[in-house]
Amino acid sequence: MPATDYQGSFLGRISIRRNQVMAMEPNSHEQEVEDLELFQKHVSDRFSDLLSPPSDDSSPSDPLLSIAWLRKLLDMFLCCEAEFKAVLIMDRDPSQMTRPPLDRLVPELLERVVKALDICNALCLGVDSVRNVQKLAEIAVAALEQRPIGDGQARRAKKALNSLITAMMLEDKDGASAKSTERAWSFGRRGTSSTSAQKDRTAGLFRSPSCNMAKNWSAAKQIHAMSSNLVPPRGAEASGLASPVYIMSTIFVFVMWTLVAAIPCQERNGLGTHFPVPRQLAWAQPMIGLQEKIAEEWKKKEKKGSAGLLEEMQRLEKIGQSLIDFADGFQFPVEAERLEEVKTQVEGLADICRKMEEGLVPLQQQIREVFHRVVRSRAEFLDVLDQAGRLTAPTV
Amino acid sequence: MEEHETGVTTYEGEQHVVAAAQHILKALAASKNINDGLRKTLLDVETHLSSMSSRLITERRNIKGAEDEVKSWEANHSMIWDSGLRESSEYLNAVREIETVTRSLQSLCVSENWKQKELLHRAEGVLQIAMSRLEEELVHILLQHTQFFEPEFMSFHSDRVDMVFDESFVSAEDEAIEEASRRNGDCSQSEFGIIDLVHADVIPDLKDIANVMFASKYHQEFCLAFITSRRHALQEYLVILGMKTLSIENVLKMEWDCLNSKMKKWMWAMKIIIKVYLASEKRLCKQILGHLGLVYQSCFTEISKGFVMPLLNFGEAIAMGTHGPERLFRLLDMYEVLENLAVDVDILFFDESSCFLRHEFHKLVRSIGNTVRSTFLAFENAIATYRSAKGFPGGGIHPLTRYVMNYIKTLTEYRDTLCLLLADESLVSVPHSTEHGTSDLTFYPMACQLRSITTTLESNLRNKSKLYRDVALQHIFMMNNLHYIVQKVKSSELSQFFGDEWLRQHTGKFQHEARSYERVTWSSVLSMISEGSSSTCALSLKASLKKRCTGFSIAFEEVYRNQTGWLIPNHQLREDVQISISQKLVHAYWTFIGKNSSGIGEKWIKYSVDDLESFILDLFGGSSRSLRDHQRRK
């Protein structure tokens with residue numbers, strides 16, 4: 001159960017916080033400043049853990065943008081989100097929401113939240129297409145694990161790997177949306193001439209399931225829209241409640257941006273231009289570090305036009321290419337040295353498949369968990385706004 | 001081809017070696033210098049050798065035959081299963097042959113026999129070509145024989161009324177409600193059934209292909225091709241149903257008219273998708289893969305996952321929105337549709353691989369339920385805060401009253417659902433049915449809510465009544481509206497929720513308003529002609545009588561002019577009020593005239609008793625009249 005992985009951590013923090021809240025004098029300004037500092041510190045700590053994980057000899061840290069790393073990122077997100085709510089809503093006078101600057105910032109945040117929800121949905125579908133790639137890799141593993149490797153098994157592996165590489169390319173090129181739906185149209189429509197269907201009969205076969213997002217919906221555009229009105233609070237606002245709203249918004253944008261970069265998603269053109277976070281903000285340093293690393297990776301990949309930055313996918317692509325070369329020039333018997341090399345690669349492939357098998361479904365469920373959590377938080381904020389509105393509404 | 005020839009030559013060479021070995025073994029066994037044990041062993045080895053060589057011979061022959069069959073189709077551009085039954089079964093036999101050979105060679109291959117290994121590789125190579133071909137055939141068959149069931153736009157578009165809460169209240173008119181509130185039961189149930197998504201004739205073919213591919217351990221390829229093909233087919237069904245995926249952002253921003261029609265369509269599509277398409281899809285998976293274990297279920301999950309999630313997301317988007325009271329019915333419809341589908345969904349996605357979908361579905365049911373509940377609870381607040389700037393002439397039934405009463409009357413059609421949803425929240429335990437088997441609905445949380453709503457309505461009306469400067473009109477207004485409320489409750493299922501006690505109490509209330517009206521309007525008019533005021537001194541008796549007569553006429557004319565413009569829309573109620581006025585007024589007038597007509601003379605008596613009686617019938621007609629007109633007409 002993925003929930004238990006992080007529940008301990010964030011619930012723990014929440015209860016600590018609640019105690020703090022109980023203990024403090026309501027609305028004492030000093031306490032508020034302290035709360036905000038604590039929040040900033042936690043955010044900073046959590047992201048530095050992601051940037052450079054605490055080294056532990058017993059278990060090697062998860063590589064950047066791997067499935068396990070993304071799951072940690074989501075854990076962090078859930079923790080930050082819970083703490084943010086505690087800072088902003090708990091034990092607070094709702095009427096603050098209707099006064100500047102929150103009267104503007106909170107609705108803006110909620111708009112970002114809605115965009116993030118659509119991104120979560122696109123990501124869930126994206127994980128499905130990664131699973132499709134995993135299935136193809138598993139076929140290649142099954143074929144190449146046979147001893148001795150014969151011509152038939154080599155061809156079998158090659159076929160699967162070619163489909164895998166094609167699927168990854170397609171995934172990136174057209175975001176799998178437009179073409180797939182068009183395909184769904186021509187697919188089996190009575191009256192389609194059988195010749196054209198035949199020509200096409202294997203081309204689309206291994207294409208991942210069409211991303212079922214709305215037409216013209218673009219992940220990159222959503223990210224852009226989420227960050228477009230994101231301005232750090234200045235002057236007196238910087239020490240007030242505008243600051244956690246800004247921090248949380250930044251976390252929202254960063255997490256969604258990272259996930260979209262890693263997992264296949266409808267329409268990612270222009271994702272490389274990352275959003276600016278002011279360098280002087282102490283809490284943002286680790287996030288800026290991560291952002292730079294990921295943006296660099298993206299730039300490298302963008303030129304080659306291949307699949308997303310998911311670490312496992314990238315490795316899959318590399319090993320896949322190399323094994324295709326092997327299968328291309330396959331001739332029985334294979335020299336022992338080469339065979340040993342292939343064996344290592346196949347083991348690598350199997351390892352990735354195992355990681356995907358173990359991690360993708362929980363990752364998908366966690367994205368869904370984020371979805372539901374964010375929906376709930378939005379409702380809580382709307383409730384507070386509603387209460388505040390009722391308090392201040394003129395009674396005719 | 002080269003490989004083939006070397007195969008033949010090595011085969012001959014091998015035969016010579018085997019024959020020589022057999023010869024030696026036989027000779028040794030025949031020798032008298034060995035004991036029985038050793039002789040037996042030698043003979044066993046000889047038998048083994050001979051059987052092995054004959055086995056290799058037959059297997060080589062089999063591979064050759066199958067290879068020819070498989071390779072002949074590689075050059076051919078037509079599809080095997082399109083070519084005929086003979087072709088397909090011959091091909092299948094060849095594949096089965098090669099599969100059997102491969103398997104037996106694999107079992108032999110523990111020894112480092114190079115010949116066998118070479119033979120095995122040849123067999124595997126042929127098998128791979130055949131499997132690749134079968135995969136294409138599979139996709140092709142699915143493509144050619146998928147059937148598209150196009151449902152008519154079924155009777156589902158809910159014929160429940162759309163209530164619009166606006167100033168005009170057009171849709172809240174009684175007639176429209178009466179007409180629309182007949183609920184179309186679950187007659188549509190029978191229209192749903194499992195259909196053949198793929199033509200029944202090709203199911204055995206698909207099953208054959210599945211069997212050989214699974215037997216050859218190419219099950220992964222089969223599943224992937226099958227799943228992908230079926231996913232595309234399901235996408236096609238969405239196109240047929242006209243369902244387009246919407247982003248949550250769009251749904252939240254959508255205008256109600258548009259959203260309303262999308263919701264109706266969604267409900268309709270959900271029913272068809274769950275009850276027809278997915279149920280049929282699952283049967284298809286079972287028909288083809290059911291005998292191969294639970295793999296059919298995981299294939300089904302993979303096929304339907306990406307298909308179901310966007311549909312659920314639309315529901316989530318709806319549940320996230322904030323909705324005015326007029327949307328409650330559509331939300332209730334949605335909730336009921338989902339509730340009804342829950343069992344189907346549990347059956348479709350019963351296993352571990354699909355519990356994710358099952359949970360998501362139930363989460364959605366809960367979210368929509370919460371939205372229904374909060375929308376319903378917000379309704380009362382909407383009534384409490386409803387302010388209308390416009391004055392409301394005549395004291396008739398306020399549109400708000402009509403709206404609220406028709407609204408809650410329509411709610412009773414959803415009573416089971418609402419009772420369930422409200423009971424969740426309420427701390428009051430729901431009493432179980434009494435010994436008579438019928439439960440007393442008046443204790444249900446829903447009943448409390450409904451009564452609370454009418455109480456809120458009443459107090460809002462009370463405030464509105466203050467807008468009339470004429471106190472009598474205030475009473476008429478309250479009487480009319482209370483009477484309307486009571487009638488609505490009495491004549492509908494609402495009575496079960498409100499109970500007799502409430503009805504008694506509220507009947508008393510509007511009757512009290514009627515009495516108050518009479519007192520306020522008529523007591524001063526009556527005082528002109530009543531006994532008490534006539535005991536002045538004898539001298540001025542006549543003058544006083546005259547004055548009282550005139551005063552009465554003027555007062556009556558004034559009331560007439562005013563109150564003919566007022567309105568009691570309910571005929572029965574109007575009659576009751578008129579009779580009550582008549583009884584008091586006409587009787588007093590008759591007594592007054594009978595006693596005093598001699599004293600004051602006819603000319604002072606402006607109206608006869610009959611006149612008065614008929615004038616009273618003009619009251620509360622809704623169009624203001626004047627008695628001066630009446631006299632002119634005379």
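Throughout, a residue's number is its position along its own chain's written sequence, starting from 1. The naming scheme follows written order: chains are lettered A onward, ligands numbered 1 onward. Whole-chain, interface and lining totals are the exception, using all residues; otherwise, since this is a predicted model, local features are given only for residues with pLDDT of at least 70 and side-chain atom pairs are given and counted only at 80 or more. With hydrogens and water stripped out, all remaining heavy atoms of the structure feed into the side-chain values.

The name given to chain B in an unreviewed UniProt entry is Exocyst subunit Exo70 family protein, with Senna tora as the source organism. UniProt positions are given in the numbering used here, feature names are shortened, and annotations may be inferred rather than shown by experiment. The UniProt entry for chain B carries the following text under Sequence similarities (unreviewed entry): "Belongs to the EXO70 family." Of the comments in the UniProt record for chain B, the one headed Function (unreviewed entry) reads "Component of the exocyst complex."

In the nomenclature of an unreviewed UniProt entry, chain A is known as Protein BYPASS-related of Senna tora. On record in UniProt, under Subcellular location (unreviewed entry), the comment for chain A is "Membrane". The UniProt entry for chain A carries this comment under Sequence similarities (unreviewed entry): "Belongs to the ROH1 family."

(A) Focus on the overall build of chain A. When helices and strands are counted, chain A shows 12 helices and 0 strands. In this text, helices come from DSSP runs of H or I with a minimum length of four residues, and strands from runs of E with a minimum of two, each type numbered from the N-terminal end. Going residue by residue from the N terminus, the α and β elements of chain A occur as α-α-α-α-α-α-α-α-α-α-α-α. Partitioning the contacts of chain A with sequence separation of at least 6, the portion at a separation of at least 24 is 83%. Only the protein chains shown count as covering a residue, and every accessible area follows the Shrake-Rupley method with a 1.4 Å probe. Accessible area of chain A: about 17200 Å², with a carbon and sulfur share of 52%. Residue contacts follow a heavy-atom distance rule, with two residues in contact if any of their heavy atoms lie within 4.5 Å.

(B) Just the overall build of chain B, in detail. Scanning chain B from N- to C-terminus turns up 22 helices and 0 strands. Within chain B, buried positions represent 53% of all 634 residues. On chain B, roughly 29300 Å² of surface is accessible, and the fraction owed to carbon and sulfur atoms is 55%. Here the term buried applies to any residue with accessible area under 20% of the maximum for its type, exposed to any over 50%, and partly exposed to those in between, with areas from a 1.4 Å probe on protein chains only.

(C) Looking closely at the side chain of Q134 of chain A. All names here are of chain A. You can see Q134 is positioned in helix α4 (residues 102-144). The exposure class of Q134 is buried, given its relative accessible area of 0%. Setting aside residues no more than four positions away along its own chain, Q134 makes contact with C353, M356, E357 and L360.

(D) Molecular detail of the packing of α4 of chain A against helix α8 (residues 219-228) of chain A. Residue and element names in this part refer to chain A. Helix axes are fitted to C-alpha atoms over the stretch in contact, other axes to C-alpha atoms as well, and angles between N-to-C directions run from 0 to 180 degrees. Where α4 contacts α8, the two axes come as close as 10 Å, and the packing angle between them is 160°. Taken as axis vectors, α4 and α8 run roughly antiparallel relative to one another. The way α4 lies across α8 gives a crossing that is left-handed. Judged by residue contacts, R112, K115, A116 and I119 of α4 engage Q222, I223, A225 and M226 from α8. Classification convention: Asp, Glu, Lys, Arg as charged; Ala, Val, Leu, Ile, Met, Phe, Trp, Tyr, Cys, Pro as nonpolar; all other residues, Gly among them, as polar. Among the residues making up the contact of α4 with α8, the classes are represented as 5 nonpolar, 1 polar and 2 charged. Each angle receives one of four descriptions, namely roughly parallel if under 35 degrees, roughly antiparallel if over 145, roughly perpendicular if within 65 to 115, and oblique otherwise. Working rule for handedness: look at the near helix, and if it is turned counterclockwise from the far one by less than a right angle, call the crossing left-handed; if clockwise, right-handed.

(E) Main features of unusual backbone geometry. A cis amide bond links P100 of chain A with the next residue in sequence, P101 of chain A, at an omega value of 0°. Mapped onto the fold, P101 of chain A is located in the loop between α3 (67-88) and α4. Phi is positive for E267 of chain A, which is not a glycine, with a value near 60°. Of note, E267 of chain A is situated in the loop between α9 (242-262) and α10 (285-304). For E267 of chain A, a relative accessible area of 31% gives the class partly exposed. At F620 of chain B, a position not held by glycine, the phi torsion is positive, near 60°. With respect to the helices, strands and loops of the structure, F620 of chain B is situated in the loop between α21 (609-616) and α22 (627-633). Under the relative-accessibility criterion, F620 of chain B is labelled buried at 0%.

(F) Molecular detail of the packing of aromatic side chains. Two rings from Phe, Tyr or Trp (for Trp, the six-membered ring) form a pair when their centres are within 6.5 Å of each other. A pair whose planes differ by under 30 degrees is stacked, one over 60 is edge-to-face, and the rest are tilted. Per the counting criterion, the structure on display carries 29 aromatic pairs over all chains. Note on F329 of chain B and Y414 of chain B: the rings are 6.0 Å apart at their centroids and 45° apart in plane angle, and the pair reads as tilted. Taken together, the residues F329 of chain B in helix α12 (residues 328-348) and Y414 of chain B in the loop between α14 (399-411) and α15 (415-425) connect sequence positions 85 residues apart. For the ring pair Y560 of chain B and F615 of chain B, a centre distance of 5.6 Å and an interplane angle of 65° mean the geometry is edge-to-face. Of this pair, Y560 of chain B sits in helix α19 (residues 541-563) while F615 of chain B sits in helix α21, and the two are 55 residues apart along the sequence. Pairwise contacts between aromatic rings join W522, F552, F556, Y560, Y589, Y607 and F615 of chain B into one cluster. Think of it as a cone above the ring: NZ of Lys or CZ of Arg counts as a charge over the ring if it is within 6 Å of the ring centre and within 35 degrees of the ring normal. The positively charged end of R156 of chain A is found above the aromatic ring belonging to Y218 of chain B, 3.8 Å away from the centroid. Sitting above the plane of the F371 of chain A ring, R368 of chain A keeps its charged end 4.3 Å from the centroid.

(G) Just the confidence of the model for chain B, in detail. Residue and element names in this part refer to chain B. Summary of the metric used: pLDDT quantifies the predictor's per-residue confidence within the range 0 to 100. The predicted model of chain B averages 83 in pLDDT, with 83% of residues at 70 or higher. Per-element confidence in chain B is highest for helix α7 (residues 203-215), whose mean pLDDT is 96, and lowest for helix α6 (residues 174-180), whose mean pLDDT is 42. Note on residues 153-159: pLDDT is under 50 here. Beyond four places in sequence and across chains, it has 18 contacts.

(H) The pattern of salt bridges, seen in detail. Here a salt bridge means any side-chain nitrogen of Lys or Arg lying within 4 Å of a carboxyl oxygen belonging to Asp or Glu. According to the stated counting rule, one finds 50 salt bridges over all chains in the structure shown. Across the pair R625 of chain B and D618 of chain B runs a salt bridge whose closest N-O atoms are separated by 3.4 Å. One network of salt bridges, with partners in common, ties together E311, R315, D351, R354 and K355 of chain A.

(I) How the structure looks around helix α11 (residues 295-320) of chain B. Between its first and last C-alpha atoms α11 of chain B spans 36 Å; for 26 residues at 1.5 Å apiece the expected length is 38 Å, and the two agree. Note on bend: at a given residue it equals the angle between the axes fitted to the 7 residues ending there and to the 7 starting there. At K305 of chain B, α11 of chain B shows its maximal bend, which comes to roughly 40°. Expected span of a helix, by definition, is 1.5 Å for each gap between consecutive residues, and there is one gap fewer than residues.

(J) How the structure looks around the side chain of E83 of chain A. All names here are of chain A. Assignment of secondary structure puts E83 in helix α3. Residue E83 is classed as buried on the basis of its relative accessible area, which comes to 5%. Counting of polar contacts relies on pairs of N or O atoms within 3.5 Å, with two restrictions inside protein: one atom must be capable of donating a hydrogen and the other of accepting it, and residues adjacent in sequence are counted only when both atoms are side-chain atoms. Of the polar contacts made by the side chain of E83, one reaches the side chain of R46; its length is 3.2 Å.

(K) Seen up close, the interface of chain B and chain A. With 52 residues of chain B in contact, the opposing surface of chain A contributes 56 residues. For the pair chain B and chain A, the summed buried area comes to about 5100 Å², and 55% of that belongs to carbon and sulfur atoms. Using a 1.4 Å probe, buried area is obtained as the accessible area two parts lose upon being combined, added over both of them. Of all residues in chain B, L143, L224 and H232 of chain B give up the largest surface area on contact with chain A, accounting jointly for 13% of the area buried on that side. Put simply, chain B and chain A have 7 salt bridges between them. A salt bridge links E360 of chain B to R368 of chain A; the nearest nitrogen and oxygen atoms lie 2.8 Å apart. The interface formed by chain B and chain A holds 16 residue pairs in polar contact (both at pLDDT 80 or more) in total. Those elements that place two or more of their residues in the side of chain B that touches chain A are α5 (114-145), α8 (219-241), α9 (248-253), α11 and α13 (355-385) of chain B.

(L) How the structure looks around helix α2 (residues 29-51) of chain A. The end-to-end C-alpha distance of α2 of chain A is 33 Å, a good match for the 33 Å that 23 residues give at a rise of 1.5 Å each. Taken together, the buried positions of α2 of chain A are occupied by Q31, E32, D35, L36, F39, V43, S44, R46, F47 and L50 of chain A.

(M) Region of interest: the packing of α8 of chain B against helix α10 (residues 256-289) of chain B. Residue and element names in this part refer to chain B. Their axes nearest at 11 Å, the elements α8 and α10 cross at an angle of 155°. Between α8 and α10, the interaxial angle falls into the category roughly antiparallel. Pair α8 / α10 crosses with right-handed handedness. For the pair α8 and α10, the contacting residues are F222, F226, R230, L234, Y237, L238 and L241 in the first and K265, W268, A269, I272, I273, Y277, L278, E281, L284, C285, I288 and L289 in the second. Split by residue class, the contact of α8 with α10 holds 16 nonpolar, no polar and 3 charged.

(N) Representation of the environment of K490 of chain B within the structure. As for its position among the elements, K490 of chain B is in helix α17 (residues 471-490). C-alpha separation for the pair K490 of chain B and D500 of chain B, spaced 10 residues apart in sequence, amounts to 9.2 Å.

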